[in-house]
Amino acid sequence: MAPEFLEGQIIIIEPEGVICNGCYVLAIHAGEYIFRQLVIENQRYFLKPLNDKYPTLEIADLSAIKGVIIQRAGKRRHEHKHYL
């Protein structure tokens, strides 16, 4: 999920987090957990990767969302970012 999230960074996932358009989520798709950005358009739900090498996936409803990314942390304090 670079450039927003770098390999090895710690992310904090809130299972009961508020789901909204543009939030980063942990979801289940095809039996596997994936980390994507949720995009809501015309009452349709999409899981969009930040890396264009991966496909954008449409999901039927929000039940596939298992958590919302609420914070990422780096090695230095200035690398910490809150999403809510």
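I will try to describe carefully the structure that is included in this document. These numbers were taken from a predicted model, which means no experiment stands behind them.

## Regarding the overall build of the protein chain
In terms of regular secondary structure, the protein chain is built from 0 helices and 7 strands. Residue burial in the protein chain is summarised as follows: out of 84 residues, 31% are buried. Carbon together with sulfur atoms contributes 50% to the accessible area of the protein chain, which is approximately 5900 Å² in total.

## Describing the pattern of salt bridges
With the rule as written, the count across this model stands at 1 salt bridge. With a shortest N-O distance of 2.8 Å, arginine 44 and glutamate 58 are connected by a salt bridge. Residue arginine 44 is found in strand 4 (residues 44-48), and its partner glutamate 58 is found in strand 5 (residues 57-59); the two are separated by 14 residues along the sequence. Judged by its relative accessible area of 42%, arginine 44 falls in the partly exposed class. Residue classification places glutamate 58 among the partly exposed positions, given a relative accessible area of 42%.

## Regarding the nonpolar core
Counting residues in hydrophobic clusters, the biggest one holds 11 residues: Cys23, Val25, Ala27, Ile34, Leu38, Leu47, Leu57, Ile59, Ala64, Ile65 and Val68. Elements with a contribution of two residues or more to this core: strand 2 (24-29), strand 3 (32-41), strand 5 and strand 6 (65-73). Leave out the neighbours within four places in its chain, and isoleucine 65 touches Ile19, Val25, Leu26, Ala27, Leu38, Leu47 and Ile59.

## Here we look at the pairing of strand 3
In the sheet, strand 2 pairs with strand 3 via 6 bridges, with the strands oriented antiparallel. Its bridge partner being in strand 3, tyrosine 24 is matched across the sheet by glutamine 37. Joining the antiparallel neighbours strand 2 and strand 3 is a turn of 2 residues, in which alanine 30 adopts a positive phi near 55°.

What counts and what doesn't
- Residues numbered from 1 in each chain as written.
- Predicted model: local features only at pLDDT ≥ 70, side-chain atom pairs only at ≥ 80, totals over all residues.
- Heavy atoms only, no water.
- Helix = DSSP H or I, 4+ residues; strand = E, 2+ residues; numbered from the N terminus.
- Buried < 20%, exposed > 50% of the residue type's maximum accessible area, 1.4 Å probe, protein only.
- Areas by Shrake-Rupley, 256 points an atom, 1.4 Å probe, with all protein chains shown as cover.
- Salt bridge = Lys/Arg side-chain N within 4 Å of Asp/Glu carboxyl O.
- Core = buried A, V, L, I, M, F, W, Y, C linked by side-chain atoms within 4.5 Å.
- Contact = heavy atoms within 4.5 Å.
- Pairing = 2+ DSSP bridges.

These results come straight from atomic positions and should not be treated as a statement about function.
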